[in-house]
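Structural overview for review
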Amino acid sequence: MKFTSQKIAYHFFALSMLLLSLQIVYGFIMGFAHMGYDVLHEWIPFNAATATHKNLLVVWIISGFMGAAYYIIPDESDTELWSVPLAKLQFWSLAIVGVVAVAGFHVGWWEGRKFLEIPRPLDFLVAINVILFLVIILMTLFKGKKQTTTAWVLTMGLVFLALLYLPGMVYFDNISVDSFMRWWVVHLWVEGVWELIMGGILSFLLIKLTGVDREVIEKWLYVIVGLTFLSGILGTGHHYYYTGGPDYWLLVGGIFSALEPLAFLGMTIFAVQMYRKGNKSHPNKLALYWTMSTAIVSFLGAGLLGLAHTLPGVNLYTHGTLITAMHGHLAFWGAYASLVLAIMSYSMPLMTGRKIYDNRNGHLAFWFSNIGMLGMTMAFAAAGVAQVYLERIAGYEFMVAAEETKAHFFVLIIAATVFTIGIGFFIGNFFSFGLPSDDALNDAPEFEPLLA
Amino acid sequence: MLTKKQAKAFFIGGTVLFFLIFVGMTVNSLTVGIPQNTNADNITDSVKHGKLLWDQNNCMGCHTIMGEGAYYAPELTRVYSRKGENYIRTVLNAKNGGWGPRGRKMVEYDFTTEEVDDIISFFEWMDNVYLNGFPAEPSIGE
């Protein structure tokens, strides 16, 4: 750690860990409900569980992004954070708004729009919170001694993340228009500007971990985020096939979303090449594992499994089935969850001074969670394919098909248990670091042997 | 060989170009395509209120409509013609724990008659929305 103000990242990472744990609990509630054991129905009906599960995901990932930015921007700009007290205020307001939102879902205080369930009054608080965050980051960037490409790409990603929240705050009477604008937020987030953030964090990690020349890494960063927007913006069309939009979206969405995996493939090749070119002696093996798995699993989950159901002829049958859940789980895990775990694994030893970066629990966390999530993806795939054939192709009633998929949810729960054990190891490691400390300032020359 | 400057130009140029195209297509969809396909003139106050109730109760937290939502309960885009008005009324008014076919429970609601009418108008309007052939007819039939 170069600057004492970077320690603020710890707060955000700890919040992420807490929310991730809760997200898993709600995942289990839904898995059991699908199997026929909806025992908490009176208190937490399925629609409350799903709203909570999805929003906890969004909030813990964004909290992780914010922590990452608070760690990376001072480091890249070579200056202390602009204001630590304001960053603390921003943290606590984020935590409070998050908790109120999640509690509200349990008493029906929501908007009922998938991924954007947070009710309007809280939306404004979220907006103020994010503006405060951006002010702190931008002020730090501008007062810094240098402004690197990596820092700019990361910051631009965060600025666009905030701007794109706005189209989701307008109410429309026509559900088709509502859905159209909802995807402006959700799609342009996860298949657009979040990939800028991902690219920024990944290149920071690759510069630090492999020691490859910054100019080379940042050149390819531009190419990859360029490919992302080239394919991803018009790729939004794959949400507009069957929701009341004009039919040209079938063609445009089909072509451009078929190109979307290229951006993820680019990310994979980029990371693997930098790893191969780079020095392999960096001691933080866990950070390296998570960085590489982010680059690889995001291609499998977001790229390939997205492609599996994105073409209009396939999507006509798979749209609105568990196939989407299959893709969604591995995509979010590979691209964004793993990324946040990677930056945590990299920065925690530097913030706390405790050198936990190649231990047994850390490797168990890595393998259990990844294997568990792959198992969950396969269970969703089996359930989804069965649902498509029974309901959409053979024409059975929804619940007839649902009865037949119960066994797959049993498998899902087994795999989710493996996943949870992995996350348990990760969180155990996280807390064994203890709190960040000023003693860790410039205490880790071995982390940057390659930058000289 | 590609320079960093060229890579940056590719990123900024490509992004701006495709974003502008996307904005144009969005405007066209919102002003021409969607109003036509959804018979926007038929969206009465009752349909609007039905949609509001759909949102307020987070119906897409279990069901899908136009294929969007959660996958715990049936797709409702064509429910008006598939099940009929009386069936929908029965489901929405179910008491003693609420509707629960084959053991899968729906939340028990306390809708007024007027609210139920509005939700039904919403489904009736939805029934005629043109969705490029979704939901598909089962290709091998029952």
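Throughout, residues of each chain are indexed from 1 in the direction in which the sequence is written. Labels are handed out in written order, letters beginning with A for the chains and numbers beginning with 1 for the ligands. Under the rules for a predicted model, residues below a pLDDT of 70 receive no local features and side-chain atom pairs below 80 are neither given nor counted, while totals for whole chains, interfaces and linings still include all residues. Processing note: side-chain calculations cover all non-hydrogen atoms of the structure and skip hydrogens and water entirely.

What to know about the environment of A:N429
Residue and element names in this part refer to chain A. Numbered from the N terminus, helices here are DSSP runs of H or I no shorter than four residues, and strands are runs of E no shorter than two. Position of N429 among the secondary structure elements: in helix α14 (residues 406-432). For N429 and P74, which are 355 residues apart along the polypeptide, the C-alpha to C-alpha distance reads 25 Å. When sequence neighbours within four positions are dropped, the list of residues in contact with N429 reads L286, I356, N359, N361 and G362. Two residues qualify as a contact provided that any one of their heavy atoms is within 4.5 Å of a heavy atom in the partner residue.

A closer look at the pattern of salt bridges
A side-chain nitrogen of Lys or Arg and a carboxyl oxygen of Asp or Glu constitute a salt bridge if their distance falls within 4 Å. Counted under the stated rule, the structure contains 20 salt bridges over all chains. Ionic pairing is found between A:K7 and A:D438, a salt bridge with its closest N-O pair at 2.9 Å. Note that A:K7 is positioned in the segment before α1 (9-35) and A:D438 in the segment after α14, a separation of 431 residues in sequence. Each of A:E111, A:R113, A:R120, A:D123, A:D178, B:K51 and B:D55 takes part in salt bridges that share partners, so that together they form one network.

Focus: the packing of helix α2 (residues 46-77) of chain A against helix α6 (residues 175-210) of chain A
All names here are of chain A. Interaxial angles span 0 to 180 degrees and are taken between N-to-C directions of axes, which are lines fitted to C-alpha atoms, for helices over the stretch in contact. One can describe the packing of α2 onto α6 by two numbers: an axis separation of 11 Å at closest approach and a directional angle of 40°. With respect to their mutual orientation, α2 and α6 come out oblique. Of the two elements, α2 crosses α6, and the hand of that crossing is left-handed. Contacts from V58, I61, I62, F65, A68, Y71, I72, D75 and E76 in α2 reach W189, W194, I197, I201, F204 and K208 in α6. Working rule for angles: under 35 degrees goes down as roughly parallel, over 145 as roughly antiparallel, 65 to 115 as roughly perpendicular, anything else as oblique. Note: crossing handedness is left-handed where the near helix turns anticlockwise from the far helix by less than a right angle, and right-handed where it turns clockwise.

Overview of α2(A)
Residues and elements named next belong to chain A. Under the convention used throughout, the expected extent of a helix is 1.5 Å for every residue step, that is, one less than its residue count. With 32 residues, α2 extends 46 Å from end C-alpha to end C-alpha; this agrees with the ideal 46 Å at 1.5 Å per step. For each residue, the accessible area found with a 1.4 Å probe, counting protein chains only, is set against the maximum for its type, and the residue is called buried under 20%, exposed over 50%, and partly exposed in between. Burial of α2 is extensive: 32 of the 32 residues sit out of reach of the surface. Where α2 ends, the next residue or the one after it, D78, has phi of about 60°, a positive value.

Overview of the interface of chain B and chain A
Counting residues at the interface gives 72 residues for chain B, matched by 80 residues for chain A. Both sides together, the interface formed by chain B and chain A hides about 6,600 Å², and carbon and sulfur atoms give 65% of it. A simple way to read buried area is as the amount of 1.4 Å-probe accessible surface that goes missing from two parts once joined, with both sides added. Three residues stand out in chain B for area buried against chain A, namely B:K4, B:F22 and B:Y71, and they jointly supply 12% of the buried area on that side. Put simply, chain B and chain A have six salt bridges between them. Ionic pairing is found between B:E68 and A:R182, a salt bridge with its closest N-O pair at 3.0 Å. Think of a polar contact as two N or O atoms within 3.5 Å of one another; within protein, one of them needs to be a possible hydrogen donor and the other a possible acceptor, and neighboring residues in sequence only count if both atoms come from side chains. Summed over the shared surface of chain B and chain A, the number is 32 residue pairs in polar contact (both at pLDDT 80 or more). Secondary-structure elements contributing two or more residues to the side of chain B that touches chain A are α1 (4-37), α2 (45-56), β1 (64-65), β2 (68-69) and α5 (113-127) of chain B. It is α1(B) that contributes the most residues to the side of chain B that touches chain A, 20 residues altogether. Basically, the charged four are Asp, Glu, Lys and Arg, the nonpolar ten are Ala, Val, Leu, Ile, Met, Phe, Trp, Tyr, Cys and Pro, and anything else, Gly included, counts as polar. The class makeup of the residues in the side of chain B that touches chain A is 39 nonpolar, 20 polar and 13 charged.

Function cannot be inferred from these measures alone, as they are strictly geometric.
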